[in-house]
Amino acid sequence: MTEKLPRIAFLGIGLMGTPMTRNLLDAGFPMTLWNRTASKCESFTSEARVAESPADAVRTADVVITMLENSDVVEQVLVASGAMAALKPGALVIDMSSIQPSVARRHAALAMEQSAGYVDAPVSGGTLGAQEARLSIMAGGSEEDVSRALPVFEVLGKCTRIGPAGAGQLAKLANQAIVGITIGAVSEALLLAAQGGADPAAVREALMGGFAGSRILELHGQRMIDRDFAPGAPARIQLKDMRMILDEARAEGLTLPLAQQVHNEYLSLVANGHSDADHSGLLLELEHINRTRLGAAGSGSKE
């Protein structure tokens, strides 16, 4: 079975890349791995080859997957390192990072110069979605290239083709706008209720059954109540995404007041030392502004 599957080079074995690699290996894909911090690949050394550089990793790969932090890192790893130039003809690059749509379009053009395919395929679902292989994958690229990527995507979650190269990143920006703004709304709602004397856990339970119910309220509302801010998606990444949303909006001549406000709140959260807190930790910034704290099971309390 393994011989019939394409060889995958996976670049970026981090919070998301680790469970994704696990699922691909379990599905039988032969893999070569690279990560800037090589020790993060150690748990896979008996099942996959660990490359010394991105260019070394991609030379024999049929499919190259990148799962990296931002546009600059993707540019460094995929282009500046020589990986793009080392692609073999007919290879398929799948960038599952969250980057600027313009960067995705440029990388698609560079891949074409190497006679390779390209799909930008950012994801939503966080580390839990990656572990459970139920990521929402937003793909931009030609119908042919997205079709070629489907056997890989089916192991990781559910794919929707959005449009041509760069369109996947536009969908991810839309996703992150909704996520960031909704986290802000949930944190404000729970703090408002708790400050007036209501039990925020009971408020969350009641709201889940109504029109305000959402995945954000379900998962991140519970995180806020439990004060569990271990990173699934770090605040610094949400800040990066909010910045990209505003950059794209400016390029299109749009003003997005809610996105701007939430960007400013994440900027303060990170500046106050919470860059590695989960993005649901936006509650911490709201507490800081109001000099109060959301009780774990009861009303807010003044500091």
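Check the entry above for the structure.
Conventions adopted
Residues numbered from 1 in each chain as written. Predicted model: local features only at pLDDT ≥ 70, side-chain atom pairs only at ≥ 80, totals over all residues. Heavy atoms only, no water. Helix = DSSP H or I, 4+ residues; strand = E, 2+ residues; numbered from the N terminus. Rg over C-alpha atoms; globule rule 2.2 N^0.38 Å. Contact = heavy atoms within 4.5 Å. Salt bridge = Lys/Arg side-chain N within 4 Å of Asp/Glu carboxyl O. Buried < 20%, exposed > 50% of the residue type's maximum accessible area, 1.4 Å probe, protein only. 1 Å grid on protein atoms, 1.4 Å probe; cavity = no way out; pocket = protein on both sides within 12 Å on 5 of 7 lines; lining within 4 Å. Points joined across faces, edges and corners; volume = space filled by probe spheres on them. Nonpolar A, V, L, I, M, F, W, Y, C, P; charged D, E, K, R; others polar.

The subject of this paragraph is the overall build of the protein chain. Secondary structure assignment for the protein chain yields 13 helices and 11 strands. Compactness check: the protein chain gives a C-alpha radius of gyration of 20 Å against a globular reference of 19 Å for 303 residues, within 12% of the reference. For the protein chain, the C-alpha atoms occupy an extent of roughly 65 × 45 × 35 Å along the three principal directions. Considering only intrachain contacts with a sequence separation of at least 6, the fraction spanning at least 24 residues in the protein chain is 65%.

Moving on to the pattern of salt bridges. The final tally for this structure, using the stated rule, is 14 salt bridges. For R106, the salt bridge is made with E75, and the minimal N-O distance between the two is 2.4 Å. With R106 in helix α5 (residues 101-113) and E75 in helix α3 (residues 71-80), this pair connects stretches of sequence that are 31 residues apart. Since its relative accessible area comes to 40%, R106 is described here as partly exposed. Looking at E75, the relative accessible area reads 23%, which means it is partly exposed. Its salt-bridge partner being D278, residue R223 comes within 3.9 Å of it at the nearest N-O pair. With R223 in helix α10 (residues 215-226) and D278 in the loop between α12 (257-271) and α13 (282-290), this residue pair connects regions lying 55 residues apart in the sequence. Residue class for R223 comes out buried when judged on its relative accessible area of 19%. Residues participating in the shared-partner salt-bridge network are R22, D26 and E47.

Moving on, we get to the layout of surface pockets. Empty space within the second largest pocket amounts to approximately 160 Å³. Contributing to the lining of the second largest pocket are E69, N70, S71, D72, Q100, R236, I237, K240, R243, M244 and D247. Those elements giving two or more residues to the lining of the second largest pocket turn out to be α3 and α11 (235-251). With 6 residues, α11 is the single largest residue contributor to the lining of the second largest pocket. Broken down by class, the residue content of the lining of the second largest pocket amounts to 2 nonpolar, 3 polar and 6 charged.

The analysis is restricted to geometry; functional conclusions fall outside its scope.
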